[in-house]
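A look at the structure
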Amino acid sequence: MDIKQIASAGTMESSDVYVEIAPGNGTLEISLESVVVQQFGDAIRAVVLEVLQEQQVDNANVRIVDRGALECVLRARVETAALRGKGNV
Amino acid sequence: MRRSMLFLPGNNPNMLINGNCLGADAIIFDLEDAVSPAEKDAARILVRNTLRYMDFGGCERIVRINSIDTPYWKKDLSTILPWKPDMILLPKTGAAADAQAVDAYLTELEQQLGMEPNTVALMPLIETAMGVENAFSIATAAKRVRALFLGAEDLTTDLQCKRTKESKEIFYARTRLVMAARAAGVEVYDTPFIDINDDIGIREDAAFAKDLGFSGKVSISPRHVEVINEVFSPTQSEIDYAYEVLDAIALAKKQGKGAISLRGKMIDAPIVTRAQQTISMAMALGLGREEA
């Protein structure tokens, strides 16, 4: 499912994650910034992909700026950004 | 047992994830006033995930949804209910019909989710003059109504009076709510004390609420939780006296005596009931006597 509009969710505050989602060019592109990217980068990407799959998003550019968010927070923010990007709020 | 209930803003991960270590008996995840209209969707999903993934131990999980005059309340409930919050706090409850509308929708959701009826309790937040006047009918509006909660900030706005630290302006509302809740057989919780830095004021305010008959007090700051817990816990001398009462009753029963006195005062049924309540709370807090 396509993302119709640029949308974001979350904040840059501690324990949160900022997620920005925009219409893609036929694929799913994910960029990730996190102070723990060396240790948890793969795990964070896997969670982001899983939530996007649940939301049936396969064509989008996604920017993740992690500020030490727990997985439940990351899941919430990605889901919110995806729903907003699809116009389902 | 809910001596203290602490509000946490529903869209603030830093506070939500630490909710279980702030000492409150219950946490209230707030989807209403603490969340701007533009972030209602985000908060709802974040609170749902917090309920789903976080372990709050013995800390009760309450969600304040948006009031029924907003477009949000049904979505709030349908999003969070699968993860079984212990209780729903319904703001701006003005009449029994408000509580019944939410009760009906909760019943529908519980059926859809295969949950037992009345699994999720309801606590109407009384914060309008109409709500205060209808307190008893609200408290008895549905089986799932297990408590009332007085919200003084909105109430004083509705009363067109100043909200003061002395709280004389809410005295009637406080006593009215306690009376209505006790008559209905439900718990009743006092409004937050809003001066976060006044350590003496919160203690006095909580003690006054306890003296009026409130079951506990709500807080908007983790700083107030410890004091509230202390005020609403039985003291050692209260616990000792309660045991004396129960021991005296047990002895009198053994000796076939009808009426007894203790410390020069007659022990009658209300005193025994109060002693039992004190012991029950002491046991819950781990302060009770070890039985042989």
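The text that follows walks through the structure, step by step, so that each part is easy to find. (Residues numbered from 1 in each chain as written. Chains lettered and ligands numbered in written order. Predicted model: local features only at pLDDT ≥ 70, side-chain atom pairs only at ≥ 80, totals over all residues. Heavy atoms only, no water.)

Describing the layout of surface pockets
Residue and element names in this part refer to chain B. The condition is simple: A pocket here means an open set of points on a 1 Å grid, computed over the protein atoms alone, that has protein on both sides within 12 Å along at least five of seven lines. A cavity is instead a set of points where a 1.4 Å probe fits but cannot get out; residues with an atom within 4 Å of a point line either one. Grid points are joined across faces, edges and corners, and a volume is the space filled by probe spheres set on the points. In this text, helices come from DSSP runs of H or I with a minimum length of four residues, and strands from runs of E with a minimum of two, each type numbered from the N-terminal end. Domain segmentation is taken from an automatic or database assignment of domains.
Its boundaries defined by the atoms lining it, the largest pocket holds a volume of some 790 Å³. Lining the largest pocket are 24 residues, with K210, R274, Q277, T278 and M281 positioned closest to its centre. For the lining of the largest pocket, the secondary structure elements donating two or more residues are β7 (187-190), α11 (236-254) and α12 (269-284). Top contributing element to the lining of the largest pocket by residue count: α12, with 8 residues. Both domains that furnish three or more residues to the lining of the largest pocket are identified here as domain 1 (4-231) and domain 2 (236-284).

With respect to the nonpolar core
The test is simple: We call a set of buried Ala, Val, Leu, Ile, Met, Phe, Trp, Tyr and Cys residues a nonpolar core when their side-chain atoms join them within 4.5 Å. Relative accessibility under 20% of the residue-type maximum defines a buried residue, over 50% an exposed one, and the middle range a partly exposed one, all with a 1.4 Å probe and only protein chains included.
Grouped together as the largest cluster of nonpolar side chains are 64 residues, with contacts concentrated most on I21, L52 and I64 of chain A together with V63, L77 and I88 of chain B. The element that contributes the greatest number of residues to this core is helix α2 (residues 71-86) of chain A, accounting for 8 residues. A139, L148, V227 and F232 of chain B belong to the second largest nonpolar core, which has 26 residues in total.

Let's talk about unusual backbone geometry
The general pattern is negative phi for most residues beyond glycine and trans for most peptide bonds. Residue S15 of chain A is not a glycine yet carries a positive backbone phi of 75°. Mapping S15 of chain A onto the fold places it in the loop between β1 (7-9) and β2 (17-23). Exposure remark for S15 of chain A: the relative accessible area of 9% places this residue in the buried category. Phi at Q160 of chain B is positive, roughly 60°, even though this residue is not glycine. Along the polypeptide, Q160 of chain B turns up in the loop between α7 (152-159) and α8 (171-184).

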